[in-house]
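# Architecture and fold: a report
One letter stands for each residue in the lines below.
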Amino acid sequence: MPVQAQKSIAALTDENQAAVRPKKPLSQAIDGRALYTYVERMPVYKNGGRAGLRAFLNKNFQDLPLAGSTSLAVSFVVDKYGKARNPEFFSESVTVPTSFEQKLTRVFEQIGDFQPGIQHGDPVDVRLIVPITKPAQASR
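Just so we're clear, the structure is a prediction, and the values are computed from it rather than from any experiment.

## Side note on unusual backbone geometry
The phi torsion at Asn86 lies on the positive side, around 55 degrees, for a residue other than glycine. Position of Asn86 among the secondary structure elements: in strand β5 (residues 84-91). At His120, a residue that is not glycine, the phi angle is positive and equals roughly 55 degrees. In this fold, His120 is placed in the loop between β7 (117-119) and β8 (122-131).

This is the structure in structure tokens:
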């Protein structure tokens, strides 16, 4: 039996990223379909894979109000058709201004397609969480 999404994300770990937890509970289904957080074959961004996705998000959100050690991430669903849906900012320590929430919607309209996640040979909806990092300032 496939493992369905949990109501909260225990932690997001990436080599140099702190834990990030959602402020809102995750929904359990999209259009009546199960929502997964991990599947046999995870979704892949068609424009450069993981590195391309992080570069796209970091470029489009470089003006976010991030302090040095702030953990901020974007959560979204890659549906079984490879489309990114339902983007949200997640942060434990930063309140994201409404204007950035609106920008998030506009950015995700331009994000492009993914290869959908696969579970038991079938495409499924998968929630992804990607950390946003502020570019390092060059010293002069």
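This is not the end of the story, as more comes after the structure.
## A short note on the nonpolar core
Leu57, Phe76, Phe89, Ile111 and Phe114 are the most contacted members of the largest nonpolar core, which totals 27 residues. Listing elements by their share of this core, those giving two or more residues are α1 (49-60), β4 (72-78), β5, α2 (98-109) and β8. Not counting residues within four places of it along the chain, the set of residues in contact with Phe114 comprises Pro43, Val44, Tyr45, Lys46, Leu53, Phe76, Val78, Gly82, Ala84 and Leu128.

## Re the pairing of β5
Two faces, one strand: in a regular strand the side chains alternate between the faces of the sheet. Bridge count between β4 and β5: six bridges; the pairing is antiparallel. Residue Ser75 lies in a different strand from β5, and its bridge partner there is Glu88. Between β4 and β5, which pair antiparallel and follow one another directly, the connecting turn spans five residues, one of which, Gly82, has a positive phi of 90 degrees.

## Observations regarding the pattern of salt bridges
Using the criterion set out here, one finds three salt bridges in the structure. Residues Asp79 and Arg85 are paired through a salt bridge, measuring 3.5 Å at the closest nitrogen-oxygen approach. Owing to a relative accessible area of 4%, Asp79 belongs among the buried residues under this scheme. A salt bridge links Asp113 to Lys83; its shortest N-O distance comes to 2.8 Å. Of the two residues, Asp113 is situated in the loop between α2 and β6 (114-115) and Lys83 in the loop between β4 and β5; the sequence distance between them amounts to 30 residues.

## Quick notes on α1
Since the α-helix advances by 3.6 residues per turn, residues separated by three or four positions end up pointing in the same direction. Taking 1.5 Å per residue, 12 residues should reach 16 Å; α1 reaches 17 Å between its end C-alpha atoms and fits that length. Looking at α1, one finds that the buried residues are Gly49, Gly52, Leu53, Phe56, Leu57, Asn58 and Asn60. As for α1, its buried residues are in contact with β3 (44-45), β4, α2, β6 and β8.

## Section: the environment of Asp125
Its location among the elements puts Asp125 in strand β8. Those residues in contact with Asp125 that lie beyond four places of it in its chain are Ile30, Arg33, Ala34, Leu35, Tyr36, Val77, Val78, Asp79 and Lys80. In this structure the side chain of Asp125 is engaged in a polar contact, spanning 2.9 Å, whose partner is the side chain of Arg33.

## Some details on the confidence of the model for the protein chain
In this model, the protein chain carries an average pLDDT of 75, and 70% of its residues clear a pLDDT of 70 or more. Of the regions scoring below 50 in pLDDT, residues 1-27 engages in 61 contacts with residues more than four places distant in sequence or in other chains.

## Some thoughts on α2
If you check α2, its first and last C-alpha atoms are 17 Å apart, about what 12 residues at 1.5 Å a residue would give, namely 16 Å. Within the span of α2, buried status applies to Phe100, Lys103, Leu104, Val107 and Phe108. Taken around the axis of α2, the buried residues stretch over an arc of 130 degrees, which confines them to a single face. The outward face of α2, more than 90 degrees from its buried face, is lined by the exposed residues Thr98 and Glu109. Where α2 is buried, its residues meet α1, β4 and β5.

Reading the values: rules and limits
- For every chain, the first residue of the written sequence is number 1, and numbering continues from 1 along that sequence.
- Given that the model is predicted, a residue must reach a pLDDT of at least 70 before its local features are reported, and side-chain atom pairs must reach 80 or more before they are shown or counted; all residues, however, enter totals for whole chains, interfaces and linings.
- Note that water and hydrogens are dropped before the side-chain values are worked out from all heavy atoms of the structure.
- Counting from the N terminus, the helices are DSSP H or I runs at least four residues long and the strands are E runs at least two residues long.
- The nonpolar core is taken to be a set of buried Ala, Val, Leu, Ile, Met, Phe, Trp, Tyr and Cys residues, with the residues joined through side-chain atoms within 4.5 Å.
- Each residue's exposure class comes from its accessible area (1.4 Å probe, protein chains only) as a fraction of the maximum for that residue type: buried when under 20%, exposed when over 50%, partly exposed otherwise.
- Contact criterion: two residues are considered in contact whenever any of their non-hydrogen atoms come within 4.5 Å of each other.
- A pair of strands is treated as paired once DSSP finds two or more bridges between them.
- A carboxyl oxygen of Asp or Glu within 4 Å of a side-chain nitrogen of Lys or Arg is what we treat as a salt bridge.
- For a helix, the expected span equals 1.5 Å multiplied by the number of residues minus one.
- Two N or O atoms form a polar contact when they lie within 3.5 Å of each other; inside protein one atom must be a possible hydrogen donor and the other a possible acceptor, and for residues adjacent in sequence the pair counts only when both atoms belong to side chains.
- Think of pLDDT as the predictor's per-residue confidence, scored from 0 to 100.
- To obtain the arc, one takes the directions from the helix axis to the C-beta atoms.

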